[in-house]
Amino acid sequence: MVTHGNNIKIFTGNSHPELAKEIAKILEVELGDSKVGTFSDGEISVDINETVRGADVFIVQSTSSPVNNNLMELLIMIDAFKRASAGRITAVIPYYGYARQDRKAKSRDPITAKLVADLLTTAGANRVLTMDLHASQIQGYFNIPVDHLVGSPILAKYFIDKGMDDQDDVVVVSPDLGSVTRARKFADKLHAPIAIIDKRRPKANVSEIMNIIGDIEGKRCILLDDMIDTAGTITNAANALKDLGAKNVYACCTHGVLSGPAFERINNSAIEELVMLNTIDLPENIDKNKFKSLSVAPIFAEAIQRIYDDKPISKLFEV
């Protein structure tokens, strides 16, 4: 079994080509020559226009909206590289779609996070490189190596550079009980206390604020989550914080899914600034004063270089 390719090749699908270009530029390699399109009936076509025999191939593709198209592009590209005798194929998935369906919450639920893991492995991926899985146990769904990067150090550095490190009036807020560990580690970097929002969710994508645990009156609050989808949870939390006396409310997340009414909700909320990582390609016409995007290209480029050199990347997992 080949475990190492003879040179690095970076390829991309259509989900986030700009991120792939940035990664390739940092690594000082040319982005691979490929084209991913569709036939007239909507089937995906993939053309690989250079040799990859024996190469260490990294395919950069977030499985974001349109989720099914981007996932199929990734699977078909993996299959194409496998049949072209690539030495090793790493699926670089900055945002891993279907991660929220990671267990049976009720009878007859699918576990699509496991299904996607099986599809990637069956297609021929030898390794997966991703960031901030919605549930870290998804790593165990794979029978191939998974490198799970974290985005909080990038977000923390942004707020530290804004002068919010070790300040008495800064508090990190967890939007729900499930994010407390993430918020505590983030708060440790800023040397700040935490507060917790206890909420009840009556149905999917609907949340109701119940109680806030911690002192937020007169404070600059930073809400932290792994992803923001329809933005109901984060905007309800921000409005509740403001109503209860918070001075300023900022929000940050790794994955800005921002579907449905998300932009309208955020624009009309108490959130002064939403900071996200560019694991998902954002629209160009967003308000740059309200929405801030930070690049993950440097950390992914370093991880790719270390994978290729067979060096440990554990230091990139530090939170």
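Looking at an unreviewed UniProt entry, one finds the protein named Ribose-phosphate pyrophosphokinase, with Clostridium thermobutyricum as its source organism. Taken directly from UniProt, the Pathway (unreviewed entry) text for the protein runs: "Metabolic intermediate biosynthesis; 5-phospho-alpha-D-ribose 1-diphosphate biosynthesis; 5-phospho-alpha-D-ribose 1-diphosphate from D-ribose 5-phosphate (route I): step 1/1." Reading the Sequence similarities (unreviewed entry) entry of the UniProt record for the protein gives the comment "Belongs to the ribose-phosphate pyrophosphokinase family. Class I subfamily."

Novice: An account of the UniProt feature "binding site: D-ribose 5-phosphate" (unreviewed entry) in the protein is requested, with residue identities and associated values reported.
Specialist: Using the residue numbers shown here, the UniProt feature "binding site: D-ribose 5-phosphate" (unreviewed entry) corresponds to Arg201, Asp225, Asp229, Thr230, Ala231, Gly232 and Thr233. Tracing the backbone shows Thr233 in helix α6 (residues 232–243). The class for Thr233 is buried, based on a relative accessible area of 13%.

Novice: Before we move on, could you go through the packing of helix α4 (residues 152–161) against helix α5 (residues 180–190) and cite the residues and values that matter?
Specialist: Here α4 crosses α5 at 40°, and the two axes come no closer than 10 Å. The angle between the axes of α4 and α5 places the two elements in the oblique class. The two elements α4 and α5 cross, and the hand of that crossing is right-handed. On the side of α4, the interface is formed by Ser152, Pro153, Leu155, Ala156, Phe159 and Ile160, while α5 contributes Phe186, Lys189 and Leu190. When grouped by side-chain class, the residues that make up the contact of α4 with α5 number seven nonpolar, one polar and one charged.

Novice: Quick rundown of the environment of Ile299? Include the residues and the values.
Specialist: Residue position: Ile299 is located in helix α8 (residues 297–308). On a C-alpha basis, the gap between Ile299 and Ile222 in space is 23 Å, while along the polypeptide they are 77 residues apart. Those residues in contact with Ile299 that sit more than four places away from it in its chain are Met131, Leu149, Val150, Ile154 and Leu316.

The rules behind the values
- Residues numbered from 1 in each chain as written.
- Predicted model: local features only at pLDDT ≥ 70, side-chain atom pairs only at ≥ 80, totals over all residues.
- Heavy atoms only, no water.
- UniProt positions renumbered as here; feature names shortened; annotations may be inferred.
- Helix = DSSP H or I, 4+ residues; strand = E, 2+ residues; numbered from the N terminus.
- Buried < 20%, exposed > 50% of the residue type's maximum accessible area, 1.4 Å probe, protein only.
- Axes fitted to C-alpha atoms, helices over the stretch in contact; angles between N-to-C directions.
- Parallel < 35°, antiparallel > 145°, perpendicular 65-115°, else oblique.
- Left-handed = near helix turned anticlockwise from the far one by under 90°.
- Contact = heavy atoms within 4.5 Å.
- Nonpolar A, V, L, I, M, F, W, Y, C, P; charged D, E, K, R; others polar.

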